[in-house]
Amino acid sequence: QQEELFHILKYDDIDYDFQINKETVRKTMLSKTNIVALIEGIFTWILTSSLNFLILNFIQSPPYNISEFSTAVFIVIFGLSGGLVGQLVLARLSDKLADKNYLYRLPIIVLSIIVGLITFAIFFYLPFQSLTEEQGQNVLFLLNLPVMWWMGLLYFISRSFFSLYVVNQSPVLQQINLPEAQGTITSWNQFLESFGRGVGPALCGVLLAFTGKNFQLTVMFIIICIL
């Protein structure tokens, strides 16, 4: 599957017997490109985990009082559909662009992060109105509020474009690493992504405590951190 090896191994006098060892693992992990990619992965996953954590706390807390059930319906309608569009439509577009030039995956990753940051920030500045607990449990009532559709649109865009990050990051890591090292580098990347998922909610919790549950100020702190 590696183009360079595919062509050169057609010759009978060429052998490829490279084996991964501690030295090559060290050189692989500490290459400048991999270090940049892995650190970027941590902060990007801080973004996505912070997004979900803060949104749920924001809309379910007084004075908005949107119930857990209404939130679940909201996520299914807008989040699931956004993820499907990103995975099925935008991912195919990414692959077509990458066929022309593999480096196109890099600006696509940057675009997905920028759109994620913008939609993340705007979400918390929408003109939400105060709701009673009964209103927050009434899905039909909520769907008649224009602000809920604006909120859904932002969440849809965010999930769609973040799918671009997921489908483009792994191919980049595979392209810049030797075949034998791809399992190792992918494992490290997934570990650091899990670390980022844990850091995001923890950081949000600390900032919310320090700011007195000021969601807007917390969001701006998170965005600066990610940038």
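See the structure shown above.
Residues numbered from 1 in each chain as written. Predicted model: local features only at pLDDT ≥ 70, side-chain atom pairs only at ≥ 80, totals over all residues. Heavy atoms only, no water.

**Student:** An account of the nonpolar core is requested, with residue identities and associated values reported.
**Tutor:** With 45 residues, the main nonpolar core has Phe120, Phe123 and Phe124 as its most contacted residues. Mapped onto this core, the elements with two or more residues apiece are α3 (32-60), α4 (68-100), α5 (105-123), α8 (146-175), α9 (182-210) and α10 (215-226). Top element by residues in this core is α3. It accounts for 10 residues. If we ignore the near neighbours within four places in the chain, the residues touching Phe120 are Leu47, Ser50, Leu51, Leu54, Val219, Ile222 and Ile223. (Core = buried A, V, L, I, M, F, W, Y, C linked by side-chain atoms within 4.5 Å. Buried < 20%, exposed > 50% of the residue type's maximum accessible area, 1.4 Å probe, protein only. Helix = DSSP H or I, 4+ residues; strand = E, 2+ residues; numbered from the N terminus. Contact = heavy atoms within 4.5 Å.)

**Student:** Which residues make up the side chain of Thr44, and what values do they have?
**Tutor:** Examined against the element boundaries, Thr44 turns out to sit in helix α3. For Thr44, a relative accessible area of 2% gives the class buried. Of the polar contacts made by the side chain of Thr44, one reaches the side chain of Glu40; its length is 2.6 Å. Sequence-distant contacts of Thr44, defined by excluding residues within four places in its chain, comprise Ile113, Phe162 and Tyr165. (Polar contact = N/O pair within 3.5 Å; in protein donor to acceptor, adjacent residues only side chain to side chain.)

**Student:** Report on helix α2 (residues 22-29), specifying residues and quantitative values.
**Tutor:** Taken as a whole, α2 has its buried residues at Thr24, Thr28 and Met29. What you see down the axis of α2 is that its buried residues fit within an arc of 130 degrees, all on one side. Away from the buried face of α2 by more than 90 degrees, exposed residues Lys22 and Lys27 are located. In this fold, the buried residues of α2 make contact with α3 and α9. (Arc of directions from axis to C-beta.)

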